[in-house]
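Here is what each chain is made of, one letter per residue.
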Amino acid sequence: MLRNIKSEFMNDYYDPTFHGMDIEARFKLADEKMKKAESNGQVFGIIAQVLLDLNDSHTSFAPPLRTSRVEYGWQMKSLGGDCYVSAVKPGSDAEAKGLTVGDKVLSIDGRPMDRTKVWLAKYLYYTLRPQPGMALIVQKPNGEQKQLFIQAKINDRNFKLDAEEEDRLNRHRFYEPSKDVLIWKMPQFDLSEDEVDDKVGMFRNRRALILDLRGNPGGYVSTLERLVGHFFTRDVKIADLKGRREMKPMIAKGHTEKVFKGQLIVLVDGESASASEIFARVIQLEKRGVVIGDRTAGAVMRSRYYPLQLGLVKTIYFGINVTDADLIMTDGASLEHVGVTPDELLLPAPEDMVANRDPVLAHAASLVGVKLDAEKAGALFHIEWRSR
């Protein structure tokens, strides 16, 4: 695995200097450590660490899929500079131990938590080395600190989200607070060009659009370029691509007739990443709309996934994501590890999370002349539980 990953990585990583690291020495050290590893989990951790040391949001090791699924019964998200509990599964050990939405997560298994550690914790506990449980120190909304040990639930079978849950998690949802205003909850950039055109047709002639990209991890470049183009009558340069080879810039083709000319508000948060961050920044740079919410994830690179395998009789599948380009916005800056700072910084308080209120969406609605209280806004796109 290590040799195969090294080959793909060394050939295609966008920075031939590897950020000044002695990459040969790092792979050699990993090889030596693996000789002393006592489990597959340790081996996978050693392989992953070589890539994690690059501090690159889009380069990572994808270990072989497991035959069992681990569910911890709670979800986390970044909010401001911290990490918070965003969902707790009914009937889980997490619920029984008293973990609740709105709790600030101070540490997991002794590791201090803040917004910069959320993605790493998700990668470690769900993808790389799932654990039978975790020790949490949390701070309740009233300031009280509690130490909890959460037991995970392990299902010893191959797991695949059923069709209903897939639809629930990934469905593009809409709400019409008035005839001339539409709210679009966009979960990811996963639409074909024709599908983008169809969605835009729902609001093209309206007075205002609120595009909710909170929690959107990104997706296809083609979706991003097509969507951006619907907000301009001219071609717009999204970003330049900086890699080992000369690359064409990302360009959004403008529309002369089928263009949305109304008021645009974009909502983002700390879980908005990649394409959703790029979209928000283009809207800012082109002064086309207003961005509201929390600072975005700062995970903005272009990468390619390489599927790999070992074995003839019994095949082991694994892979690697490799960044092949950095994105430089038209102001000359990269968003990697920086993110997008909203025009209006507005966050829900822990108390809002507990009560399922959404003051951010409520405020956005008021800016387009629609009365929508925080309680109703919180119920519009609320999902009771997300398995992953």
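Residues numbered from 1 in each chain as written. Predicted model: local features only at pLDDT ≥ 70, side-chain atom pairs only at ≥ 80, totals over all residues. Heavy atoms only, no water.

Re the overall build of the protein chain
And then number 1: Looking only at helices and strands, the protein chain features 12 helices and 19 strands.
And then number 2: Each of the three principal axes of the protein chain carries a C-alpha extent, and together these read 65 × 55 × 40 Å.
And then number 3: A buried classification covers 48% of the 388 residues belonging to the protein chain.
And then number 4: Considering only contacts within the protein chain whose residues lie at least 6 apart along the sequence, 68% involve residues at least 24 apart.
And then number 5: When the accessible surface of the protein chain is summed, it comes to about 19,100 Å², and 49% of that surface belongs to carbon and sulfur atoms.
And then number 6: Seen as two clouds, the 55 positive and the 55 negative side-chain charges of the protein chain have centres 1 Å apart. (Helix = DSSP H or I, 4+ residues; strand = E, 2+ residues; numbered from the N terminus. Buried < 20%, exposed > 50% of the residue type's maximum accessible area, 1.4 Å probe, protein only. Contact = heavy atoms within 4.5 Å. Areas by Shrake-Rupley, 256 points an atom, 1.4 Å probe, with all protein chains shown as cover. Lys, Arg positive; Asp, Glu negative; His and termini not counted. Charge placed at Lys NZ, Arg CZ, Asp CG, Glu CD.)

Quick notes on the pairing of strand E3 (residues 74–79)
And then number 1: Of all 6 residues that make up E3, 5 are buried, and the element is covered over most of its length.
And then number 2: Pairing between E3 and strand E4 (residues 82–88): 6 bridges, direction antiparallel. What sits directly across from Trp-74, in E4, is Val-88.
And then number 3: Between E3 and E4, which follow one another and run antiparallel, lie 2 residues, and Gly-80 among them has a positive phi close to 65°. (Pairing = 2+ DSSP bridges.)

Concerning the pattern of salt bridges
And then number 1: Across all of its chains, the model carries 25 salt bridges by this definition.
And then number 2: For Lys-104, the salt bridge identified is with Asp-82, shortest N-O distance 3.7 Å. Remark: Asp-82 occurs in strand E4 and Lys-104 occurs in strand E5 (residues 104–108); sequence separation between them is 22 residues.
And then number 3: Overall, Lys-104 belongs to the buried group, its relative accessible area being 18%.
And then number 4: For Arg-226, the salt bridge is made with Asp-197, and the minimal N-O distance between the two is 2.7 Å. With Arg-226 in helix H8 (residues 221–229) and Asp-197 in helix H7 (residues 193–201), this pair connects stretches of sequence that are 29 residues apart. (Salt bridge = Lys/Arg side-chain N within 4 Å of Asp/Glu carboxyl O.)

Considerations on the side chain of Arg-204
And then number 1: The topology assignment puts Arg-204 in the loop between H7 and strand E12 (208–212).
And then number 2: One buried charged residue, Arg-204, forms no salt bridge at all, with the nearest opposite charge on Asp-197 at 5.8 Å.
And then number 3: A polar contact is formed between the side chain of Arg-204 and the backbone oxygen of Lys-258, at a distance of 3.4 Å.
And then number 4: Those residues within four positions of Arg-204 in sequence are excluded, and the remaining contacts are Asp-197, His-230, Lys-258, Val-259 and Phe-260. (Polar contact = N/O pair within 3.5 Å; in protein donor to acceptor, adjacent residues only side chain to side chain.)

Some remarks on the environment of His-255
And then number 1: Tracing the backbone shows His-255 in the loop between strand E14 (250–252) and strand E15 (263–268).
And then number 2: Not counting residues up to four positions away in its chain, the partners in contact with His-255 are Gly-229, His-230, Phe-232 and Thr-233.

Section: the pairing of strand E8 (residues 145–151)
And then number 1: Pairing geometry for strand E7 (residues 133–139) and E8, over 7 bridges, is antiparallel. In the sheet register, Leu-136 faces E8, and the bridge partner there is Leu-148.
And then number 2: Linking E7 to E8, which pair antiparallel, is a turn of 5 residues; within it Gly-143 sits at a positive phi near 95°.

Observations regarding the nonpolar core
And then number 1: By size, the foremost hydrophobic cluster in this structure holds 40 residues, and its most contacted members are Leu-227 and Phe-279.
And then number 2: Sorting elements by how many residues they give to this core places helix H9 (residues 275–285) first, with 6 residues.
And then number 3: Beyond its immediate sequence surroundings of up to four residues, Phe-279 is in contact with Phe-189, Leu-211, Leu-213, Leu-224, Leu-227, Val-228, Phe-231 and Val-266.
And then number 4: In this structure, Met-10, Val-43, Phe-61 and Val-322 belong to the second largest nonpolar core, which totals 28 residues. (Core = buried A, V, L, I, M, F, W, Y, C linked by side-chain atoms within 4.5 Å.)

Regarding the environment of Asp-324
And then number 1: With respect to the secondary-structure elements, Asp-324 resides in strand E18 (residues 316–329).
And then number 2: For Asp-324 and Gly-243, which are 81 residues apart along the polypeptide, the C-alpha to C-alpha distance reads 6.0 Å.
And then number 3: For Asp-324, the residues in contact, after removing those within four places along its chain, are Asp-12, Tyr-14, Lys-242, Gly-243, Met-247, Arg-302 and Ser-303.

A look at the side chain of His-230
And then number 1: Mapped onto the elements, His-230 comes out in the loop between H8 and strand E13 (236–242).
And then number 2: In terms of polar contacts, His-230 uses its side chain to reach the side chain of Asp-197, at 2.7 Å.
And then number 3: Beyond its immediate chain neighbours, meaning those up to four positions away, His-230 contacts Val-196, Asp-197, Val-200, Arg-204, His-255, Lys-258, Val-259 and Phe-260.

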